[in-house]
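Results of the structural survey
Residue strings, one per chain:
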Amino acid sequence: MVDTPYDLDRTRSRFPALASGTAHFDGPGGSQVPVDVADAVHRTLTTSLANRGQVTAAERAADAVVVDARRAVADLLGADPGGVVFGRSMTQLTYDLARALAKRWRPGDEVVVTRLDHDANIRPWVQAAEAVGAVVRWADPVGVELPVSAVEAVLSPRTRLVAVTAASNLVGTKPDVPAIAAATHAAGALLHVDGVHYTPHAFVDVHALGADFYACSPYKFLGPHLGVLAADPALLDEVHPDKLLPSSNAVPERFELGTLPYELLAGTTAAVDFLADLVPGTGPRRDRLRTSLAALDEHENAQRDRLEQGLRAVPGVTIWSTAASRTPTTLFTVDGHEPAAVYRHLAGAGVNAPASHFYAVECARFLGLGDAGAVRAGIAPYTSPSDVDRLVAGVAALVG
Ligand SMILES: Cc1ncc(COP(=O)(O)O)c(C=O)c1O
């Protein structure tokens, strides 16, 4: 138990989108955004701004936005601000990193991917490996769990990189990443962790996870649409992505192609500040994040338990997200009803809980769900008990 209760009404009051009355369970696809984030984006676009520099006030303003955003993300992840890279999306950053790392791979080297992962942490590695004649080895889940042994079984002295998710965006499973990191490092390989679905639901510590590279997306944690890669600056210094001749060769700038979206970076800082302030307090931002995210965890798990209890009472509902350690993301099917039909039915009742494989297509196929996938209900900081009850009532009404 955390000492300070989570103030759901206070949180919800900051989200203008909730005025529509829609119950949003589509957060794992992209969360709603607090007005504080939108204001930061607006402020940045309407202030005197230029490209980063130190001569004019407008240049210094852009520079400050970038420096602040790297600090904010570093606080969020327990990372070094000097190793925080911004890009358009996690997918784009992972493709870029895979291509850059593959320059050092040789035919016969090996790369490990898993069938628990979103395709953005699979296909960039598979295709980069294929381009240089490296071998791809697959770690398969056992049911919805990804035991460390599944990764260990495919490690070898030729392994150069292991790509694993910190949390499945389909079934919520949180594998034991520190143990996978230890096995990966013992094999002499690097670990790339997909933190896109994990970051909105956890107090992240990239060092404790053992991640050499950690990727996430601010639009999943109340921020704007962009992607983040965090790594030790010394490790990034060894990697040489393709870049323009006149662009900076410094780390992390050499990984950021073209001009950064300053307004979105300001929105990202505002999102981190918003998360840190979920439980109002004083002190360093990282400490406030720890307190706030503990309270959020309690709130989200309580809503997930309420949801799953309600769904279990509806005849014909199967809950697929059953891992021992998981995010508050519930995946379910309803006997006799296509997932897409359940999705449409709920949408008609003002409840947004989409159906898909959500790009975790290997996982959906592995579980026997096929490409139709299942219905996913993601709990978010703004999810209320009445949202949950509406979802359960909607499913119950469908079953009749
Ligand atoms: C677990 C996971 N990884 C990666 C991605 C891709 O993120 P982006 O849209 O930033 O490329 C997603 C998006 O849904 C995701 O849920």
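Located above this text is the structure these notes cover.
Small disclaimer: the values here were computed from a predicted structure and weren't measured. (Residues numbered from 1 in each chain as written. Predicted model: local features only at pLDDT ≥ 70, side-chain atom pairs only at ≥ 80, totals over all residues. Heavy atoms only, no water.)

Quick notes on the overall build of the protein
Within the protein one finds 14 helices and 13 strands. Per-residue burial over the protein gives 56% buried out of 400 residues. Partitioning the contacts of the protein with sequence separation of at least 6, the portion at a separation of at least 24 is 68%. Here the protein holds 34 positive side-chain charges and 45 negative ones, and the gap between their average locations is 3 Å. (Helix = DSSP H or I, 4+ residues; strand = E, 2+ residues; numbered from the N terminus. Buried < 20%, exposed > 50% of the residue type's maximum accessible area, 1.4 Å probe, protein only. Contact = heavy atoms within 4.5 Å. Lys, Arg positive; Asp, Glu negative; His and termini not counted. Charge placed at Lys NZ, Arg CZ, Asp CG, Glu CD.)

Concerning the packing of aromatic side chains
Within the structure shown, the criterion is met by 3 aromatic pairs. Joined through ring pairs, the aromatic side chains of Phe15, Phe274 and Tyr382 make up one cluster. Between the NZ or CZ atom of Arg115 and the centre of the ring of Trp138, over which it lies, the distance is 4.2 Å. Directly above the ring of Phe358 sits Arg376, whose terminal nitrogen or CZ lies 3.7 Å from the centroid. (Phe/Tyr/Trp six-rings, centres within 6.5 Å; stacked < 30°, edge-to-face > 60°. Lys NZ or Arg CZ within 6 Å of the ring centre and 35° of its normal.)

Comments concerning unusual backbone geometry
A cis geometry characterises the amide bond from Val251 onward to Pro252, with omega recorded as 5 degrees. As for its placement among the helices and strands, Pro252 is situated in the loop between α9 (233–236) and α10 (262–276). Residue Leu222 is not a glycine yet carries a positive backbone phi of 80 degrees. Among the structural elements, Leu222 can be located in the loop between β7 (213–216) and β8 (227–231). Within the chain, Phe358 stands out as a residue other than glycine whose phi angle is a positive 55 degrees. Relative to the helices and strands, Phe358 resides in the loop between β12 (355–356) and α13 (361–366). The class of Phe358 is buried, set by a relative accessible area of 11%.

Section: the layout of surface pockets
The method is simple in principle: a probe with the dimensions of a water molecule rolls over the atoms, and the space it marks as empty is what remains. Considering only enclosed or pocket space, the largest pocket measures out at about 470 Å³ in volume. Here the lining of the largest pocket gets 3 residues from one element, more than from any other, and that element is helix α4 (residues 90–102). The residue makeup of the lining of the largest pocket, split by class, is 9 nonpolar, 10 polar and 5 charged. Lining the second largest pocket are 14 residues, with Ser247, Glu253, Glu256, Gly258 and Thr259 positioned closest to its centre. Within the lining of the second largest pocket, the residues separate by chemical class into 4 nonpolar, 5 polar and 5 charged. (1 Å grid on protein atoms, 1.4 Å probe; cavity = no way out; pocket = protein on both sides within 12 Å on 5 of 7 lines; lining within 4 Å. Points joined across faces, edges and corners; volume = space filled by probe spheres on them. Nonpolar A, V, L, I, M, F, W, Y, C, P; charged D, E, K, R; others polar.)

Topic: the sheet that holds strand β10 (residues 329–334)
Remark on secondary structure: sheet strands pair via backbone hydrogen bonds, oriented parallel or antiparallel. Read from one edge to the other, the open sheet built from 4 strands follows the order β9-β10-β13-β12, with strand pairing classed as antiparallel. Two strands lie at the open edges of the sheet, namely β9 (317–319) and β12, each paired on one side alone. In this structure, β10 lies alongside strand β13 (residues 374–378), joined through 4 bridges in antiparallel fashion. The partner of Thr330 across the bridge, within β13, is Ala377. (Pairing = 2+ DSSP bridges.)

Here's the deal with the site of the ligand
The immediate surroundings of the ligand are formed by Ser89, Met90, Thr91, His118, Ala120, Asn169, Asp194, Val196, His197, Ser217, Tyr219 and Lys220. Between an oxygen atom of the ligand and a main-chain N or O atom of Met90, the distance comes to 2.8 Å. Side-chain polar atom of Thr91 to an oxygen atom of the ligand: 2.5 Å apart, as the coordinates give it. In the complex, the protein chains occlude 89% of the 390 Å² of accessible area that the ligand would expose alone. Judged by the proximity of its atoms to the pocket grid, the ligand belongs to the largest pocket. (Near = heavy atom within 4 Å. Polar contact = N/O pair within 3.5 Å; in protein donor to acceptor, adjacent residues only side chain to side chain. Areas by Shrake-Rupley, 256 points an atom, 1.4 Å probe, with all protein chains shown as cover. Sits in = over half its atoms within 2 Å of the grid points.)

Observations regarding α4
Helix length check: α4, at 13 residues, gives a terminal C-alpha distance of 18 Å against a target of 18 Å (1.5 Å per residue), a fit within 8%. Restricting attention to buried positions, one finds in α4 the residues Met90, Leu93, Thr94, Leu97, Ala98, Ala100, Leu101 and Ala102. Of the surrounding secondary structure, the elements contacted by the buried residues of α4 are β2 (84–87), α5 (123–132), β5 (159–165), β6 (190–194), β7 and β8. (Expected span 1.5 Å × (residues − 1).)

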